[in-house]
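Each chain, written out:
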Amino acid sequence: MDPGRTYDVLVAGGGNAALCAALTARAAGASVLLLESAPRHFRGGNSRHTRNLRCMHDGPSDPLTGTYPADEYWDDLQDVTGGRTNEALARMVIAGTAECRKWMAAHGVRFQPSIGGALHLAHTNAFFLGGGKALINAYYRAAARLGVDVVYDAEVRDLRIENGRFEGAVVARNGHAELVPARTFVAAAGGFQANREWLRHAWGASADNFLIRGTPYDTGRVLRALMDGGAATTGDPTQCHAVAIDARAPRFDGGIVTRVDCIPLGIVVNARGERFHDEGEDLWPKRYAVWGRLVARQPDQTAFVIFDARALGRFIPPMLPPVEAPSIRRLAAPLGLEPAALERTVMAYNAAVRPGTFDAATLDDCATAGLTPPKSHWARRIDRAPFYAYPLRPGITFTYLGVQVDERARVIWQDGRPAANVFAAGEIMAGNILGQGYLAGLGMAIGTVFGRKAGEEAARHVRN
Amino acid sequence: MSATEAGTPLPPRLFQAGRHAARICNACRYCEGLCPVFPAIERRLDFAEADLRYLANLCHDCGACLDACQYAPPHPFGVDVPRTLAAIRRASYRRYAWPARASALFARSGLALLLGAAAAPLLFAVVLGLLTGPDVFLARHSDAAGGFYQIMPHNAMVALFGAVGAYAAVALAVGLLRCWRDLAALPAGGAPAGAPPEAVREALLLPHLGDGDDPGEPHWRRRWHHCTFYGFLLCFAATSVAAFYHNVLGWPAPYPLLSVPALLGSLGGAGLLVGPAGLLWLKLRRPAERHDQAQLGMDIVLLVLLFETSLSGLLLRAWGATGAMGPLLGIHLGAVAGLFLLLPYGKFVHGLYRFLALLRYRMGA
């Protein structure tokens, strides 16, 4: 970073969207400065923890199998968001995913077939060889080759916006703040999920019990600065991608290995030892993202998935082994549950299980009868010792409250006009497309398509 | 379970580090497509010591998974698969080594071994010189007259290297057997796929021996390894053909430049010069945190001995008719003797154990 130099494009953020923007703008001839608030080792934001990209495709296309036409993609998105999505922007992302893999590969990203335990995604999601950090590393290497200036430990704290025009960013670095001028600004600095105070503002005291699955550097500072600068927002501050994770996970950065995927194979009880939701409602990939919110609404934001020896080996084991006991009663104590209450719940469930043919891969006919809430599929008695449990907490991946953008990735001001030289990409604007719910691999799709668009538009603005 | 297993158990901290890393890899799976280590992890729910030894011997230490790892240090989970598996691999070498007493060599400091490797050939030359007497030892010899055998009689050479070779062969065979027993007891977790042809292909072509992370970088490590491995095979073939010529056909050495043993030897010797030098260079260029320090000495000794053997062999061919022949022959024979004596207790065994691990992997473990 050259002091006093006015870059064409200043990118705030260091994850997938930021790099896609920086690489695209640089390739178009713009001078680019990328400011990553994390140290080098933790660069990449949440992209470090990602693993795939949801891709539209009309025929088998390495590494994807089958087809995933635009309309099916759109239907899936409408389904999870309950219609809370901007169709024009969503369709732009969907179309963009059909052709972006070639660009990604040209910048060093390698793909692999669907990984073990994720075969249901084989026709929709292209997996990154080595995961998101490998992708991020490839992009940083490409950035170095192309001549993007990258600075780590550099946090954008505030923005100078005069009459709807970005003039410069206040950047904290090496213990002091400086004003960094630039001709255009790309906001790609993620959501605010690592900002406990902001979460508390949205969720109340229960936010203290949320675990943050990804980077601790997504404090929402750039989002706040844009909001203060007059950007129109989209989405509700309590909406986020949240899943149920192992309660023993660290408060930040536990990533994928803390995810608990055995809920359809057992029952879930709250701190009172009572069930509260249908564990077999739908196929797990379609429901895994509802359990974060479900657990968040339980007392102390905690829950426990209970299963028996039958289920072991049928799901990807999280990094920590489950709590194990020879009986349900003995299982209760280490979980801090009332033994009689847990036993009562399990007995009532077992009594309600009707005979059926178990098949984890389809919506089978193993269901309960006369139980509230029911378990609609994969209901088998929990009676084969030893018994197991994972304690659960809500694990927040990223928040959806973001800035409004148009199809050129321009930030929309509160008066409805698009900004001339401020663009946004990635989690900071994902709420335009994700009003609620989540689809695996959509975050990277939005980041890649809008990142490239933001870079292209920023470079175009500088040229004109 | 580890207490009831025969042989040296892993140090508890190493076992815990290995299990910790493997459990995290099993939950993550992002590296599945990198190499067989990760699919092998996914075939397990948990990891006993024998599982970790198997994984350790499958690993080629390319470092790609460390580069890709979202949990690599300084992340609090501190997952460093290549380094953890390197330490477990070294422990497995000790466990399989015969006799057990000699396996302590694996634990010796690299410097002592290195000095030994450098000094042994010189010592051998000096002793040989004293036994022969300086008149003969330092005299100019005529190639054609079989000058080698004036320095060391043919029968003495055969007796010495027959004994050394037989010892190395027995020790390596016992290690191989112990390793296979360890691997054979593993439960099958996957469907067999292409064993042994696929395992042989992987051992010969080393598709997983990258040099880290960047797919754009040329795979120099694999190239140098091929030079070393095939160089060694060619030299071994040259010696075998020469022994056949001498003992069966009655054609005594030395052989002309365009004969089969000389061609094989020259080609192999060139490989054994370039390969070990290249590997050594890459090794010294590697960042410190990518090394298993305790293993470094062992790795370097093998490379140095191979290089010494080859260099002295080639010089012997070039200067066989000069007064340098005697000392060169001493150094060469000393290097060969040291190489063979250290084979069962050094880096060389990785080739055997890795092949068995690959074979076991293709059989479904």
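All values derive from a computational prediction rather than experimental measurement. (Residues numbered from 1 in each chain as written. Chains lettered and ligands numbered in written order. Predicted model: local features only at pLDDT ≥ 70, side-chain atom pairs only at ≥ 80, totals over all residues. Heavy atoms only, no water.)

### As for the overall build of chain B
Okay, so step 1: Each helix and strand in chain B was counted, giving 15 helices and 0 strands.
Okay, so step 2: Computed over C-alpha atoms, the radius of gyration of chain B comes to 22 Å, within 12% of the 21 Å expected from 2.2 N^0.38 for 365 residues, which places it in the range of a compact globule.
Okay, so step 3: In terms of overall dimensions, chain B has C-alpha extents of about 70 × 45 × 40 Å along its principal axes.
Okay, so step 4: Buried positions account for 50% of the 365 residues belonging to chain B.
Okay, so step 5: Partitioning the intrachain contacts of chain B with sequence separation of at least 6 by distance along the chain shows that 75% fall at a separation of at least 24.
Okay, so step 6: By element, 70% of the accessible surface of chain B is carried by carbon and sulfur atoms, the whole surface being about 16100 Å².
Okay, so step 7: Here chain B holds 30 positive side-chain charges and 22 negative ones, and the gap between their average locations is 5 Å. (Helix = DSSP H or I, 4+ residues; strand = E, 2+ residues; numbered from the N terminus. Rg over C-alpha atoms; globule rule 2.2 N^0.38 Å. Buried < 20%, exposed > 50% of the residue type's maximum accessible area, 1.4 Å probe, protein only. Contact = heavy atoms within 4.5 Å. Areas by Shrake-Rupley, 256 points an atom, 1.4 Å probe, with all protein chains shown as cover. Lys, Arg positive; Asp, Glu negative; His and termini not counted. Charge placed at Lys NZ, Arg CZ, Asp CG, Glu CD.)

### Overview of the packing of aromatic side chains
Centre-to-centre distance and the angle between the planes together describe a pair of aromatic rings.
Okay, so step 1: One pass over the full model with this rule turns up 24 aromatic pairs over all chains.
Okay, so step 2: Ring geometry for B:Tyr245 against B:Trp251: centres 4.8 Å apart, planes inclined by 65°, an arrangement best described as edge-to-face.
Okay, so step 3: For B:Tyr245, a relative accessible area of 14% translates into the label buried.
Okay, so step 4: If you follow A:Arg380 out to its NZ or CZ, it ends over the ring of A:Phe358, 3.7 Å from the centre.
Okay, so step 5: Across from the ring centre of B:Trp281, 4.7 Å away, lies the NZ or CZ of B:Arg285, which sits over that ring. (Phe/Tyr/Trp six-rings, centres within 6.5 Å; stacked < 30°, edge-to-face > 60°. Lys NZ or Arg CZ within 6 Å of the ring centre and 35° of its normal.)

### A look at the domain arrangement of chain A
Residues and elements named next belong to chain A.
Okay, so step 1: Domain boundaries assigned for chain A yield domain 1 (7-235 + 402-463) and domain 2 (242-395).
Okay, so step 2: Summarising the inter-unit geometry, the C-alpha centres of domain 1 and domain 2 are found 34 Å apart.
Okay, so step 3: Contact residues are listed per partner, giving 22 residues for domain 1 and 24 residues for domain 2.
Okay, so step 4: Surface buried jointly by domain 1 and domain 2 totals about 2000 Å² across both partners, of which 55% is contributed by carbon and sulfur atoms.
Okay, so step 5: On the domain 1 side of the contact with domain 2, Asn209, Leu211 and Arg213 bury the most area, a combined 39% of that side's loss.
Okay, so step 6: At the surface where domain 1 touches domain 2, the tally comes to 1 salt bridge.
Okay, so step 7: Here domain 1 and domain 2 share 11 residue pairs in polar contact (both at pLDDT 80 or more) between them.
Okay, so step 8: Breaking the side of domain 1 that touches domain 2 down by element, the ones donating at least two residues are helix H5 (196-203) and strand E10 (211-212).
Okay, so step 9: Residue classes in the side of domain 1 that touches domain 2 are distributed as 9 nonpolar, 8 polar and 5 charged. (Domains from an automatic or database assignment. Buried area = accessible area lost by both parts, 1.4 Å probe. Salt bridge = Lys/Arg side-chain N within 4 Å of Asp/Glu carboxyl O. Polar contact = N/O pair within 3.5 Å; in protein donor to acceptor, adjacent residues only side chain to side chain. Nonpolar A, V, L, I, M, F, W, Y, C, P; charged D, E, K, R; others polar.)

### Considering the interface of chain B and chain A
Okay, so step 1: Residue-level contacts link 27 residues of chain B with 35 residues of chain A.
Okay, so step 2: Taken together, both faces of the contact between chain B and chain A bury some 2500 Å²; the carbon and sulfur share is 59%.
Okay, so step 3: Residues A:Arg141 and B:Asp67 are paired through a salt bridge, measuring 3.9 Å at the closest nitrogen-oxygen approach.
Okay, so step 4: One can count 14 residue pairs in polar contact (both at pLDDT 80 or more) joining chain B with chain A.
Okay, so step 5: Those elements giving two or more residues to the side of chain B that touches chain A turn out to be helix H1 (12-28) and helix H4 (64-68) of chain B.
Okay, so step 6: Here the element with the most residues in the side of chain B that touches chain A is H1(B); it accounts for 6 residues.
Okay, so step 7: Among the residues making up the side of chain B that touches chain A, the classes are represented as 15 nonpolar, 5 polar and 7 charged.

### Comments concerning the pairing of strand E1 (residues 7-12) of chain A
All names here are of chain A.
Okay, so step 1: Extensive coverage of E1 is indicated by the burial of 6 of its 6 residues.
Okay, so step 2: Pairing of E1 with strand E9 (residues 176-187), which is carried by 5 bridges, proceeds in the parallel orientation. What sits directly across from Tyr7, in E9, is Ala182.
Okay, so step 3: For E1 and strand E2 (residues 32-35), the ladder comprises 4 bridges, and the chain directions are parallel. Across the sheet, the residue bridging to Val9 is Val32, located in E2.
Okay, so step 4: In this view, the connection linking E1 to its parallel neighbour E2 by way of helix H1 (residues 16-27) has right-handed handedness. (Pairing = 2+ DSSP bridges. Right-handed = clockwise from strand over helix to strand, strands pointing away.)

### Considerations on unusual backbone geometry
Negative phi is the rule for most residues except glycine; trans is the rule for most peptide bonds.
Okay, so step 1: Cis geometry marks the peptide bond from A:Ala385 to A:Pro386, where omega comes out at -5°.
Okay, so step 2: Here A:Pro386 is to be found in the loop between helix H10 (339-352) and strand E16 (387-399).
Okay, so step 3: With a phi angle near 60°, A:Asp300 is a residue other than glycine that sits in the positive phi range.
Okay, so step 4: As for its position among the elements, A:Asp300 is in the loop between helix H8 (291-296) and strand E14 (303-308).
Okay, so step 5: Residue A:Asp300 is classed as exposed on the basis of its relative accessible area, which comes to 52%.
Okay, so step 6: Within the chain, B:Arg29 stands out as a residue other than glycine whose phi angle is a positive 70°.
Okay, so step 7: In this structure, B:Arg29 sits in the loop between H1 and helix H2 (37-42).

### Some remarks on the sheet that holds strand E4 (residues 111-112) of chain A
Residue and element names in this part refer to chain A.
Okay, so step 1: With antiparallel pairing, the 3 strands of this open sheet are ordered in space as E3-E5-E4. Each edge of the open sheet is held by one strand with a lone partner, namely strand E3 (52-54) and E4.
Okay, so step 2: Pairing analysis gives 3 bridges linking E3 to strand E5 (residues 125-128), with the strands arranged antiparallel. For Arg54, the partnering residue across the bridge sits in E5 and is Asn125.
Okay, so step 3: Sheet contacts for helix H3 (residues 87-106): E3, E4 and E5; angle to E3, the most-contacted strand, approximately 150°. (Axes fitted to C-alpha atoms, helices over the stretch in contact; angles between N-to-C directions.)

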